[in-house]
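# Coordinate inspection notes
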Amino acid sequence: MKASTVLTWLFLILLALALLILIPPLIPEPNPYDAYNIYWNGYSAAISYCNATVSYGNIQNASTVILIPMIKPTQYFVFQLMNFTRSGGTLVILDNGQYFGNYILSIMNVSARFSGYTVIDPILDYANEHLPIALINSKFINVIGTQYVLLDNSSYILLPGSGDYTVIAKTSIFSVSGNNSGPFPVVVLIPYGNGSIILISDPAIFMNSMINKYGNSNLLKWICGKGRTVFLENFIAKVTPLSVLMIYGDYVYSASHTTGVNYLLAVAPLILIMIWAIVREIKGDKHE
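Presented here is a report on the structure given in the accompanying data block. (Residues numbered from 1 in each chain as written. Predicted model: local features only at pLDDT ≥ 70, side-chain atom pairs only at ≥ 80, totals over all residues. Heavy atoms only, no water.)

## Focus: a nonpolar patch on the surface
Among the surface-exposed residues, Y126, L135, Y148 and Y214 lie close enough to one another that they form a single nonpolar patch of about 350 Å² accessible area. Relative to the helices and strands, Y148 is located in strand 7 (residues 148-150). (Patch = residues over 30% accessible without salt bridge, like charges linked within 9 Å, V, L, I, M, F, W, Y side chains within 5 Å. Areas by Shrake-Rupley, 256 points an atom, 1.4 Å probe, with all protein chains shown as cover. Salt bridge = Lys/Arg side-chain N within 4 Å of Asp/Glu carboxyl O. Helix = DSSP H or I, 4+ residues; strand = E, 2+ residues; numbered from the N terminus.)

Here you go:
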């Protein structure tokens, strides 16, 4: 192989390594609530707390399924969720009324709804009124291990006048939503067949920036402490080449700030591609 060719490949390898360091911070952040999002609005910490399996639709052998329905599920999949819950599973739906939680509830013939209206609390809050503090039902304080959870631009849950449900957490008497005064239910447990549905009107409650505030992590551990937990990633964002690139970019960037071994593992795919390309070049020269 010619010396100029060797220099060209060395330059390309060095350029690729430099890009691995410089480009990842420029890649757009993954979607909010994404299991692989390591930033403030991701769910990577929540997945770790639950030791959850990130799934793209498979809920077999799950005890608890966590769903943030930003993407509309098919009716067939909602029927799968119905069968899962009726058979003894726990279905957790997090929605602020802006997504497809109410669509799922209507198919499942559940009367509760996510209101879609934001709750503020000028008195019992954290930093500002858009971060209201919710109170845990006194009967569940010892079970969950906390008295309070913190919300972030939360909605609330509309419940029928009577029915078989339990309010797990609600905002304070000082909270308001439009012209309505609190308290407002924000975490509700609804029996469903042999299982149960847990409604949470604030998907932000378990974000990386929120999970360690007040008793948010305690609530999550209580939710996913009944066995194998599955987090349905496919309703957060569609899998595209860009999303794969974002995930890989995040991993490389974080690995580059830890140990050399981790970084080597991260860049290994690119190094292998480079070696393969050089070998092909050498073999090509031999045939000339």
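## A few points about the pairing of strand 6 (residues 128-136)
Bridge count for strand 5 (residues 125-126) against strand 6 is two bridges, and the pairing is antiparallel. Residue pairing in the sheet places Y126 in a bridge with N128 of strand 6. As consecutive antiparallel partners, strand 5 and strand 6 are separated by one residue, and within that stretch A127 has a phi angle of approximately 80 degrees, a positive value. Where strand 6 lies against strand 7, three bridges are found, and the strand directions are antiparallel. Across the sheet, L135 pairs through a bridge with Y148, a residue of strand 7. Bridging between strand 6 and strand 9 (residues 166-170) involves two bridges; their strand directions are antiparallel. Bridged to L135 within strand 9 is K170. (Pairing = 2+ DSSP bridges.)

## Looking at unusual backbone geometry
A cis amide bond, omega 10 degrees, links G182 with the succeeding residue P183. With respect to the helices, strands and loops of the structure, P183 is situated in the loop between strand 11 (180-181) and strand 12 (185-192). Residue Y214 is not a glycine yet carries a positive backbone phi of 50 degrees. Structurally, Y214 can be placed in the loop between strand 13 (195-200) and helix 6 (216-223). For Y214, a relative accessible area of 41% puts it in the partly exposed group. (Buried < 20%, exposed > 50% of the residue type's maximum accessible area, 1.4 Å probe, protein only.)

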